Amino acid sequence: MKSLGLSVCFLLIAVPSIFAQRATEEELGLPELHTIRSVTLSPSYSCRSAEEFQKGYANTALFLSTYAKYKNGPDLLFNGACKSDDDFQASTAGDGFSLIADLGPEVSLEEVSASRAFNLKRLHSYAEYSTFASIVKVAANHTYAVLLNEHDKRGLFIFKVVEYIPNERVVLRYAVKSYQITSSGQRRAKGFDWEKTNQ
């Protein structure tokens, strides 16, 4: 019985890795870089009924690639308990070290390049460098940068909150700046550029 359990665990770990090795870029569903898209996340992940929890992440999370969806590893989660503050988080598994920075209100998504995600004003002043954290509070009209750092993927994307109803719904516009599947060799979305803006 113990060996059966170990075999099942091995398969759960190995199958996604084999998928990543053998899949074409199209099958991995890598995102197009520097292109603005929209998504609605609803409701807040922790403000759902027991029935809704049975459906997994459902519409509470953003998956930037087919691979992320296949692994059930979202790139961004809209979270928060009912009647409490909502937050965004990018690390949803124990081996994830993804971080988010709030770049502030009234920041144009179209003008944020990969380099500006780390220092929006491009001034060498410690106060101007982006502050990344594992969780950030949801705020209407704020723009955020997400630095993905998982065991099998890494990347950078920017998003802006364009509509927000606490615990109920958040509408985002987002652009992916870099995205790589790193398990068994790097597979990356083409077109990375430190200075390129979004359209």
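The coordinates are above.
Numbers given to residues run from 1 along each chain, matching the order in which its sequence is written. It should be noted that, the model being predicted, local features are given only for residues of pLDDT at least 70 and side-chain atom pairs only at 80 or more, the latter also being counted only at that level, while totals for whole chains, interfaces and linings use all residues. Where side-chain values are given, they derive from all heavy atoms of the structure, hydrogens and water being excluded.

### Some details on the layout of surface pockets
Here a cavity denotes grid points, spaced 1 Å and computed from the protein atoms alone, that fit a 1.4 Å probe unable to get out, and a pocket denotes an open set having protein on both sides within 12 Å along at least 5 of 7 lines; residues with an atom within 4 Å of a point are the lining. Grid points are joined across faces, edges and corners, and a volume is the space filled by probe spheres set on the points. Its volume calculated, the largest pocket comes out at about 230 Å³. Lys-71, Asn-72, Gly-73, Ala-93 and Glu-150 are, among the 15 residues lining the largest pocket, the residues nearest its centre. Considered as a void within the structure, the second largest pocket measures approximately 190 Å³ in volume. Lining the second largest pocket we find Leu-33, Phe-118, Leu-147, Gly-155, Leu-156, Ser-178, Tyr-179, Gln-180, Arg-188, Ala-189, Phe-192 and Trp-194. A helix here means a DSSP run of H or I that spans at least four residues, while a strand means a run of E at least two residues long, and both kinds are numbered starting from the N terminus. By residue number, the principal contributor to the lining of the second largest pocket is strand E10 (residues 169-181), which donates three residues. Its residues assigned to classes, the lining of the second largest pocket comprises eight nonpolar, three polar and one charged. Note on residue categories: nonpolar means Ala, Val, Leu, Ile, Met, Phe, Trp, Tyr, Cys or Pro, charged means Asp, Glu, Lys or Arg, and polar means any other residue, Gly included.

### Regarding the pattern of salt bridges
Any carboxyl oxygen of Asp or Glu that lies within 4 Å of a side-chain nitrogen of Lys or Arg is treated as forming a salt bridge with it. In this structure the tally under the stated criterion is eight salt bridges. Glu-32 is paired through a salt bridge with Arg-37; the nearest N and O atoms lie 3.3 Å apart. Assessed through its relative accessible area of 49%, Glu-32 is described here as partly exposed. With a relative accessible area of 37%, Arg-37 lands in the partly exposed category. The salt bridge involving Asp-85 is made with Lys-137; its shortest N-O contact spans 3.6 Å. Highlighted residues: Asp-85 in the loop between strand E3 (76-79) and strand E4 (87-89) and Lys-137 in strand E7 (residues 135-137), separated in sequence by 52 residues. Of the residues examined, Asp-85 reaches a relative accessible area of 53% and is grouped as exposed. A simple rule labels every residue: compare its accessible area, found with a 1.4 Å probe on the protein chains alone, to the largest value its type can have, and call it buried under 20%, exposed over 50%, or partly exposed in between.

### So, the sheet that holds E7
Judged by pairing direction, the sheet is antiparallel, and its four strands sit side by side in the order E2-E3-E4-E7 without closing on themselves. The strands lining the two open edges of the sheet, one partner per strand, are strand E2 (61-62) and E7. The pairing criterion is simple: DSSP has to find at least two bridges between the two strands.

### Looking at the side chain of Asp-86
Locating Asp-86 in the fold gives a position in the loop between E3 and E4. Two N or O atoms count as a polar contact when they lie within 3.5 Å, although within protein this holds only if one can serve as hydrogen donor and the other as acceptor, and sequence-adjacent residues are included solely when both atoms are side-chain atoms. A polar contact of 3.2 Å, which involves the side chain of Asp-86, links it to the side chain of Ser-44. Should any heavy atoms of two residues lie within 4.5 Å, those residues are counted as being in contact. Filtering out sequence-adjacent residues up to four positions away, Asp-86 remains in contact with Ser-44, Phe-78, Asn-79, Gly-80, Val-136, Lys-137, Val-138, Tyr-164, Pro-166 and Asn-167.

### Topic: the side chain of Gln-89
Here Gln-89 shows up in strand E4. Using a relative accessible area of 14% as the deciding quantity, one classes Gln-89 as buried. In terms of polar contacts, Gln-89 uses its side chain to reach the backbone carbonyl oxygen of Ser-91, at 3.2 Å. Ignoring any residue separated from it by four or fewer positions in sequence, one finds Gln-89 in contact with Leu-76, Leu-77, Asn-79, Ile-100, Ser-134 and Ile-135.

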